[in-house]
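Tertiary structure, described
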Amino acid sequence: MSIPTREIKLNINGQQVGPMTVPEELSMVDFLHEYADLTGSRFGCGQGLCRACTVIVDEPDGTSREMRTCITGAHYFNGRSIRTVEGHATKGEDGQLKLSAIQEAFLDHFSFQCSYCAPGFVNAATVLVERLQKEPVAKEEVKQVIEDSLNDHICRCTGYVRYYSAVHDVVMNTPGLVK
């Protein structure tokens, strides 16, 4: 008996990955861990409920969206461009790692305890900020927009208030996100 396989090729964090042959039934979170050596996306509930496994899918039209990887097969992502939590920080000219504004805010607000859910929250907040760059929101709507964007993510350590506060600070202090 052999396991059916197929070829996959995609862009992860700006780098081409593949083509390579992987099992047809492989979940994306397992692909990231086992084939791409990217372990930041977490396998949490295995049912897509907690969203610790979330990655960002970058669409050809310039929009981005969250996608749960524990319930989505790797082959769904064939030919697509995605970002994992490892793709947010950049290296400066001095070679030092520079965190994104969201990552910095989460650290400044001590947003996480165990940090298991952090990759999903980072990706959700990043998608929100990118959306607001294109479609700013009225000041009185900021709180609700943040809640709507982060509400589906589960933090078992109950760090919600700090996550929300960190994202609120980024949104309010980044020019052009609020009208």
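Numbering of residues starts from 1 in each chain and follows the order in which that chain's sequence is written. A pLDDT threshold of at least 70 governs which residues receive local features in this predicted model, and a stricter bar of 80 or more applies before side-chain atom pairs are shown or counted, although totals over entire chains, interfaces and linings include all residues. In computing side-chain properties, one takes all heavy atoms of the structure into account and sets aside hydrogens as well as water.

1. A closer look at unusual backbone geometry
Leaving glycine aside, a negative phi is the common case for residues, and trans is the common case for peptide bonds. A cis amide bond links Gly-18 with the next residue in sequence, Pro-19, at an omega value of 10 degrees. Helix and strand assignments follow DSSP, with helices taken as H or I runs no shorter than four residues and strands as E runs no shorter than two, numbered in order from the N terminus. By secondary structure assignment, the location of Pro-19 is in strand E2 (residues 15-23). Residues other than glycine seldom take positive phi values, yet Arg-51 does so here, at roughly 70 degrees. The rule is simple: take the accessible area with a 1.4 Å probe, protein chains only, and divide by the maximum for that residue type; under 20% is buried, over 50% is exposed, in between is partly exposed. Given the relative accessible area of 17%, Arg-51 is considered buried. Positioned with a positive phi, Phe-110 is a non-glycine residue whose angle comes to about 50 degrees. As for its position among the elements, Phe-110 is in the loop between helix H2 (101-108) and helix H3 (118-134). Overall, the relative accessible area of 61% leaves Phe-110 in the exposed class.

2. Some words on the side chain of Gln-103
Mapping Gln-103 onto the fold places it in helix H2. On the basis of relative accessible area, Gln-103 is assigned to the buried category, the value being 13%. Only heavy atoms enter the contact rule, under which two residues are in contact if any of them lie within 4.5 Å. When near neighbours in sequence (up to four residues on either side) are disregarded, Gln-103 contacts Val-85, His-88, Ala-89 and Val-122.

3. Comments concerning the domain arrangement of the chain
The split into domains, and so the bounds of each, comes from an automatic or database assignment of domains. The domain boundaries assigned to the chain delineate domain 1 (5-87) and domain 2 (91-173). The distance between the C-alpha centroids of domain 1 and domain 2 comes to 21 Å. Across the boundary between the two partners, domain 1 contributes 21 residues, which contact 18 residues of domain 2. Summed over both partners, the accessible area (1.4 Å probe) lost when two parts come together is defined as the buried area. Regarding the contact of domain 1 and domain 2, the summed buried area is about 1,400 Å², with carbon and sulfur atoms giving 50% of it. By definition here, a salt bridge exists when the distance from a side-chain nitrogen of Lys or Arg to a carboxyl oxygen of Asp or Glu is within 4 Å. Linking domain 1 with domain 2 are two salt bridges. A salt bridge links Glu-130 to Arg-83; the nearest nitrogen and oxygen atoms lie 2.6 Å apart. Two N or O atoms count as a polar contact when they lie within 3.5 Å, although within protein this holds only if one can serve as hydrogen donor and the other as acceptor, and sequence-adjacent residues are included solely when both atoms are side-chain atoms. Linking domain 1 to domain 2 there are seven residue pairs in polar contact (both at pLDDT 80 or more). Mapped onto the side of domain 1 that touches domain 2, the elements with two or more residues apiece are strand E3 (55-58) and strand E4 (64-67). No other element matches the three residues that E4 contributes to the side of domain 1 that touches domain 2. We call Asp, Glu, Lys and Arg charged. Ala, Val, Leu, Ile, Met, Phe, Trp, Tyr, Cys and Pro are nonpolar, and the rest, Gly among them, are polar. Here the side of domain 1 that touches domain 2 is composed, by residue class, of eight nonpolar, eight polar and five charged.

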